[in-house]
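Notes for the structure review
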Amino acid sequence: MALKAVHVTDVPSLDLVPENASLALCSTRFSNGKFVVIGHRGNGMNVLQSSDRRMRAIKENSIMSFNAAANFPLDFVEFDVQVTKDDCPVIFHDDFILSEENGNVFEKRIPELCLSEFLSYGPQREPEMEGRVLLRKTKDGRIVRWDVEQDDSLCTLQEAFINVEPSLGFNIELKFDDNIVYAQDHLVHVLQAILKVVFDYAKDRPIIFSTFQPDAALLVRKLQSTYPVFFLTNGGCEVYEDVRRNSLEEAMKLCLENELDGIVSEVKGIFRNPGAVTKIKESKLCLLTYGKLNNVSEAVYLQHLMGIDGVIVDFVQEITQAVADMIKPTKVGGDVEGLTEGIGKVQVNSKPQFSQLELSFLLKLIPQLIQL
C-alpha cells in the first residue's frame, strides 16, 4: 500500500499541557539498563483457535486484562486505539468488528461506528442488558465466536485511564488500516482526538506512543513533545509499497530524521539482522520487540544480552517471572548496581552465562535458523 506523504512542517504543535512528571517516569523505565516487559493487549492477545488456554483466558484489550497484567512486575501494557465516527478514542485491535443478525454475518470498520454502537457488542456493563454477538475472523479466514474464559466489555481510552492501576504505563498503539491511504487532515483529526484524552487523563502515568503508520508517527511527534514516539516495524519480514516500512534500516532512518524516540520491531526481524541492533543503539534510539518468540524465555534472555531494551509479551506471568529469575543486579560494596554495563553486571539463575565468543556464534547462527 502506498501511504500519502505528509508535510508535517505545516502542522502546528499541540502541546496542550505543561511538562509534568510523566515523561520523567517513562524515561526512568528505559534508563539504567532496565529491561522493560510490556503486556501485549494487556495480559496477552486472544488466539481463539489456539489449543493453549492462556491465549483464551481473558478478553484482550479490556480493563480486566489490563488490571490482571498489573498484578505482575510489568512496566507497561500495550493496546490499540482507534477513533469512532463521533470522535471517541476506543480500544480495539482489529480493523473490522464482526457480528451476526438473523444468521447473516456482517462487518463494520470502527471509524464507521458511533460510540454507543461500538459499546453494544459483547458483554454489557448493565447485567440486564444483552450485547450483540461478537465474532472474530481467524488468520485462516474462519469466523468464530469471540469466546474467552473471562470476558469483559469493550472500553474507551478514557475508561482505561480512569480504571486501570495508575502506576502501570500505557503503550498506546495508534491503529490504522494498512489498506487505506489516509489524508493528512484525517490523520491530524484522529490524533487530536486521542491526544485530548491523553492530556486530560494521563496525569503522571508513563505513556509511549507507537504506530506502524509512518505519517502518523511523524504527526504525533509534531503535535506533541511530552511523550515518546516509537515506530513499529516488522523489520523486513513483510514487504510494503511504502519503503519506510520494509527494514530496520529504513525504520532507523525515519526515527533519526524526525526525532522519534525508538523502534518496536518484530523479533524475527531482529534475529534475522542482529547487526542492526548495534547501529540502532549507537544512534541513541530505544529498541523494543514484539512477536511470538517473545513468549519463549530463552529468546527474551538472548535479546537482553544483545542490548535490546525490552519486549512485548503475551505470557505475562511466565515471562515476568523468567526475567526476574534470569536478570538480577549484583551487589557491589553493599549497593545494588544497575545493568548498564551489560553482561558483567548480570546475575543469572538457572541460565548459562555466555562468553562473548559464544554470544557471537549464536548471533551468526540464529539468522540462518530463522530463514528455515
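Look up: the structure comes first, before these words.
Everything quoted here is computed from the prediction, not taken from an experiment.

Side-chain alternation along strand 14 (residues 310-313) places G310 and I312 on one buried face and V311 and V313 on a second face that is also buried. Pairing analysis gives 4 bridges linking strand 1 (residues 36-40) to strand 14, with the strands arranged parallel. Paired with V37 across the bridge in strand 14 is V311. Note: strand 13 (residues 286-290) against strand 14, 2 bridges, orientation parallel. Each residue of the ladder has a partner; that of T289, found in strand 14, is V311. Each parallel crossover has a hand, and for strand 13 linked through helix 10 (residues 297-306) to strand 14 it is right-handed.

Our next topic: empty space enclosed by the protein. The tally for this structure, following the rule as stated, stands at 2 cavities of 30 Å³ or more. For the largest cavity, the full set of lining residues is K59, E60, N61, I91, F92, H93, W146 and L154. For the lining of the largest cavity, the class distribution of residues is 4 nonpolar, 2 polar and 2 charged.

Turning our eyes to something else, we now look at the pairing of strand 5 (residues 104-109). As judged from the 6 bridges shared by strand 4 (residues 96-101) and strand 5, these two strands associate in the antiparallel manner. Among the inter-strand pairings, I97 is bridged to a residue of strand 5, identified as K108.

As a further point, take the packing of helix 10 against helix 11 (residues 316-326). Two elements in contact, helix 10 and helix 11, have axes whose closest approach is 10 Å; the angle formed by their N-to-C orientations is 50°. Here helix 10 lies oblique to helix 11, going by the angle between them. The crossing of helix 10 and helix 11 is right-handed. On the side of helix 10, the interface is formed by S297, V300 and Y301, while helix 11 contributes I319, A322, V323 and M326. Across the contact of helix 10 with helix 11, the residue classes tally to 6 nonpolar, 1 polar and no charged.

About the criteria used
Residues numbered from 1 in each chain as written. Predicted model: local features only at pLDDT ≥ 70, side-chain atom pairs only at ≥ 80, totals over all residues. Heavy atoms only, no water. Buried < 20%, exposed > 50% of the residue type's maximum accessible area, 1.4 Å probe, protein only. Helix = DSSP H or I, 4+ residues; strand = E, 2+ residues; numbered from the N terminus. Pairing = 2+ DSSP bridges. Right-handed = clockwise from strand over helix to strand, strands pointing away. 1 Å grid on protein atoms, 1.4 Å probe; cavity = no way out; pocket = protein on both sides within 12 Å on 5 of 7 lines; lining within 4 Å. Points joined across faces, edges and corners; volume = space filled by probe spheres on them. Nonpolar A, V, L, I, M, F, W, Y, C, P; charged D, E, K, R; others polar. Axes fitted to C-alpha atoms, helices over the stretch in contact; angles between N-to-C directions. Parallel < 35°, antiparallel > 145°, perpendicular 65-115°, else oblique. Left-handed = near helix turned anticlockwise from the far one by under 90°. Contact = heavy atoms within 4.5 Å.

Interpretation in functional terms is not warranted from these geometric data alone.
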